[in-house]
Amino acid sequence: MTVTLEVSEGVGTLRLDRPPMNALDIAIQDRLRELAEEATRRDDVRAVVIYGGEKVFAAGADIKEMQAMDHTAMVVRSRALQESFTAVARIPKPVVAAVTGYALGGGCELALCADIRIAADNAKLGQPEILLGLIPGAGGTQRLSRLIGPAKAKDLIFTGRMVRADEALTLGLVDRVVAAEKVYEEAHAWAAKLAQGPALALRAAKESIDTGLETDIETGLAIERNWFAGLFATEDRERGMRSFVEEGPGKAKFL
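### A look at the sheet that holds strand β7 (residues 124-126)
- If you trace the 3 strands from one edge of the open sheet to the other, you get β5-β7-β8, paired in mixed fashion. Each of the sheet's edge strands pairs with one partner strand only, and the pair in question is β5 (102-104) and β8 (162-164). Strand-to-strand twist across the sheet, computed as the mean angle between neighbouring axes with direction ignored, equals 20°.
- As defined by bridge partners, β5 adjoins β7 across 3 bridges and the pair is classed as parallel. Within β7, the position partnered with Tyr102 by the bridge is Lys124.

Next comes the structure, spelled out in structure tokens:
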């Protein structure tokens, strides 16, 4: 398979496996959507890691496949492309991208769909579509600008340049840089810790942040208020508050 979903300790690992560079062809795009939707449905998946292997995250789209497509074909395909990545972004559980080697074009856009990005110290990220006479088409112009700001996003998108891990960290494009051999371990540990947390509260926090960023602050506050009040109907809220009162902060165990 080009993409697999393996579950361990409540963590589902979405593993790209199309050697040598994990080029994101149509088969990978469609499979990503299927498995992202599966991860969303499954109760035993409480957090997700996106991983391309030890050598490369994903070096971009399959250029040979795209070269054969005309305007009409891409009008149809571009929606499916975006929907595949959006399915990953909308997984209502904590998602971390474990980035090794190249994360370029669609690979960078896939990493942007995660909640945080842990990168290898040898990682290189970028949106080089402009060098093909194109622009990012899987969410890069939107998610990158929201993450690092429009001016920095325009610099990367206008020039098509790659940035190394240290600059990506400075830009806010990645959140942590570790030794290459530690990337998956660190990402899995982050996800496994959150997999033990209150699932509904984590979902509420993610949706409040993500949806709120897409609207005005008053609407965002209303979204937050509704989720906040709604959580008072959950067992996790009862468990968390009872533990706080009886045992002190940070000791609650959630199912």
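### Some details on the sheet that holds strand β2 (residues 11-16)
- Ordered by their spatial adjacency, 6 strands build an open sheet running β1-β2-β3-β4-β6-β9, and the pairing between neighbours is mixed. Two strands in the sheet have a free side with no partner beyond their single neighbour: β1 (3-8) and β9 (176-178). Mean inter-strand twist for the sheet, computed between neighbouring axes without regard to direction, equals 20°.
- With 5 bridges joining them, β2 and strand β3 (residues 47-51) adopt parallel strand pairing. Bridge pairing links Gly12 to Val48 in β3.

### Let's talk about the pattern of salt bridges
- According to the stated counting rule, one finds 15 salt bridges in the structure shown.
- Asp25 serves as the salt-bridge partner of Arg18, at 3.5 Å between the closest nitrogen and oxygen.
- Note that Asp155 is salt-bridged to Arg161, the shortest N-O span being 2.9 Å.
- Using a relative accessible area of 32% as the deciding quantity, one classes Asp155 as partly exposed.

### What about the packing of helix α1 (residues 26-41) against helix α3 (residues 71-89)?
- Here α1 crosses α3 at 40°, and the two axes come no closer than 8 Å. Considering their axes alone, α1 and α3 lie oblique with respect to each other. The way α1 lies across α3 gives a crossing that is left-handed. Contacts between α1 and α3 involve Ile26, Gln29, Asp30, Leu32, Arg33 and Ala36 from the first element and Arg77, Leu81, Glu83, Ser84, Ala87 and Val88 from the second.

Conventions used here
- Residues numbered from 1 in each chain as written.
- Predicted model: local features only at pLDDT ≥ 70, side-chain atom pairs only at ≥ 80, totals over all residues.
- Heavy atoms only, no water.
- Pairing = 2+ DSSP bridges.
- Helix = DSSP H or I, 4+ residues; strand = E, 2+ residues; numbered from the N terminus.
- Axes fitted to C-alpha atoms, helices over the stretch in contact; angles between N-to-C directions.
- Salt bridge = Lys/Arg side-chain N within 4 Å of Asp/Glu carboxyl O.
- Buried < 20%, exposed > 50% of the residue type's maximum accessible area, 1.4 Å probe, protein only.
- Parallel < 35°, antiparallel > 145°, perpendicular 65-115°, else oblique.
- Left-handed = near helix turned anticlockwise from the far one by under 90°.
- Contact = heavy atoms within 4.5 Å.

Any functional reading would require information that these geometric values do not contain.
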